[in-house]
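Spelled out, the chains give:
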Amino acid sequence: RRASLMHLKNVLPDAELVLQRLKGGGVTGFSESEIDRMRATFMRHRVPDSQDVHKDDLSNILKHLGYMHVDDAMVAQMAMEVSDYATMEFGDFGNFMSKYAKFEHEKFKEVFNSYDEDGNGVLDGEEIIKFLASLGYTPLRSTVKEAMDLVDLDRSGTLEFEEVVLLMHLYRHSEGFSRDEVSELSHIFQNEDKVKRPGDIEETVPAERLASLLTKFFGPAYADTARKLGAELLARTNAGDSDDEEDQALGLHFSEALVWARRLRDQEFEGYREAFDKFDQDGDSLISQSELKELLVVLGFTLFQPALDEMILQAKVRGDWHDMGSDQTLDYDAFVHFMRLVHETEGFMEHEMEEIRQTFVKFDEDKSKDIDAVELNDMLHYLGYSTKIDEVQRLLGRMDYDPSSTLDFREFVRFMRLHREGELRVTKDAFEKHKNENSVLTEVSARIALRELASADQMALGRQVASQGTATSSSGIDFEALPIGGPLDFEAFVTWAEHCRNQRVVELRKRAGFSEAEINRFQKLFEAHDTSGTGDLNTDEVTRLLINLGFPLRTVEEQQAVVQQLDEARKTAAERGIEGAAEGKISLWVVVQLLRSLYRRDDKQTMNKVTRAAQQCRFQASEVTEFQEVFMSWCDHDSRYADDSVDPETGETVDDSKALSKSSLLRLLRSLGLKIEGKDRSILDSKVMELAEDSKVDFADFLRLMRWMMDTNYCNISRAVSGAA
């Protein structure tokens, strides 16, 4: 027993104090870690400009500290016993906490006895789980087992009451997280930038970093909840601010970060409980696998049987399954464990995760373990999308939960889940449209649905330019030749839809992410420079074509660089199955790969320019994203009314340069409520000319213009912006 206690003290240093309190017949006297936890929460809930908390906040304080089923009447009674005033200082608060701890202790004893049906004074593992659940906790089997192994001092496999009290103390000490989870959060916490206020003993993490810290720990799917908790923390922090140095905004200690992490998990579990109860229609506290599939769709995950089977097997291996002999039903505890697995992998199977990891590594060109906008654009082109760098920047701004203007691997996996769910929704619509009364597709209707998917797909080939330079309206797939066979349910139809799309992607990669209108434009230029009519260009003809497209090749160095990039374009073209590329021929598709390389170089330069501008203007990543949304929406508005930017045959935008003219800029500013006349108009014109000689303001210059306006409060813009917010 002594050895077991020493082992426990390595994890829970104040374990012996807890036992001494029990032997003394009470719970008075808190450990140092408990006092630190209480003090941090007390400081967050102070009445503004004071050192006290209000009695009305005591119930919320207890809930924040993890006390379940808080008895408001008992709280009010104990508060009156401690102090006659409406508020209490920290000393009185400590006395109140001692009273409530004793009340809770008695409650534990009462519940313990109710589950000790044979009166032998011990509870086994399943009884402990029921004990915790009755107190309002969501006990995870693996975490409970880990905790029981630590507090089972006599190694009996069961817990006496004093060991249960130790378990509850350990549970609160770790906020219900496992040792691995606490270690992971600690690692994230330690990697955050720290601050140290005058008088502080140790460094803390700024309060405004809580949302980012929680998102890194729980994953991008919980970014919104993390932001709400971060806002709550900042509201409490700012409410307690004053000019007094002692009352300045507090930073986060790790113990408090752990409390906020538990708050988020509580909300996660509440959401699971609500969803579980909704689908548990017969009220037997179990859901079937078919109900689980429907529930998962509501939660944002479309999983098919192989994925379910694999995750159930993983749950069994972890010991997190309620019935090791049955796969057909889940109780709430098993459902929570299952959802934990789903969120760890965003619902992807092991082999899918490996493919996603390989894709991430492939396009993480600088090996930074993050993907920036240019690298994400490359990846989307590889997947068959026709995207522009500005579109990807906007997408990245919405997906970058950190925000850091890049996607780490976890954010990238989340991106891939949202991408897959979007594809499945389109596939589902096609299936629902053509299914019969038995909710299946016949062979004929399946071919029709697949053909419609190909034409409706935003990545469909449309008018594809073949290797000989001729256009065709074929999707490149012979649908009649597909060996579909018998009727298809939705899962089988998805398999065929993915097969057809994979075939299209192979062809789309030849286009290197360019749209149909752009390919048409390049083809016309190619034919104009193909003086021999052979379908291949020589180096001089390629040079003239590039100059015609606006690429400067004035120096020998620039021309040599293009020759080197042309060699790389041939290699890429050969990898993508373009005939003749390996023999050194320069076909249209080789030129297309070269153009992608050159546009990519320009995109990188544009990104660097924007990054420098944001740094010089001292804008945060979130502010840059907001400015970009405004800038891009006005650029899109202008492009719709610019006749020379639209291909007359396809209706697609050809000129994708993003810049605002002075007239567009004026309309944008006036839409914010600014009154710009006379002298103010002249001042703006001069500033625009200073930034851009051609009076076309790109996004980097737009950021600089916004900084100047905000610093000078041009036309009272601060009032206009705050009013819009």
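This is a predicted model, so every value here is computed, not measured.

Caption draft 1: Quick peek at the side chain of Arg570. Inspection of the secondary structure assignment puts Arg570 in helix H25 (residues 556-575). With a relative accessible area of 17%, Arg570 lands in the buried category. There is a polar contact of 3.0 Å between the side chain of Arg570 and the backbone oxygen of Gly584. Apart from the residues lying within four places of it in its own chain, the contact partners of Arg570 are Ala581, Gly584, Lys585, Ile586 and Val590.

Caption draft 2: Local environment of the pattern of salt bridges. This model, assessed by the stated rule, comprises 36 salt bridges. Note that Arg265 and Glu181 form a salt bridge whose closest N and O atoms lie 2.9 Å from each other. Pair noted here: Arg265 is in helix H13 (residues 254-279) and Glu181 is in helix H10 (residues 179-190), with a separation of 84 residues, a long-range link. Residue class for Arg265 comes out buried when judged on its relative accessible area of 7%. Judged by its relative accessible area of 10%, Glu181 falls in the buried class. When the shortest N-O distance is used, the salt bridge between Asp224 and Arg227 registers 2.5 Å. Residue Asp224 and its partner Arg227 are both found in helix H12 (residues 223-239); the two are separated by 3 residues, about one turn of the helix. Residue Asp224 is classed as partly exposed on the basis of its relative accessible area of 48%. The class of Arg227 is partly exposed, set by a relative accessible area of 42%. Counted as one network, the salt bridges with shared partners bring together Arg37, Glu175, Arg262 and Asp266.

The rules behind each value
Residues numbered from 1 in each chain as written. Predicted model: local features only at pLDDT ≥ 70, side-chain atom pairs only at ≥ 80, totals over all residues. Heavy atoms only, no water. Helix = DSSP H or I, 4+ residues; strand = E, 2+ residues; numbered from the N terminus. Buried < 20%, exposed > 50% of the residue type's maximum accessible area, 1.4 Å probe, protein only. Polar contact = N/O pair within 3.5 Å; in protein donor to acceptor, adjacent residues only side chain to side chain. Contact = heavy atoms within 4.5 Å. Salt bridge = Lys/Arg side-chain N within 4 Å of Asp/Glu carboxyl O.

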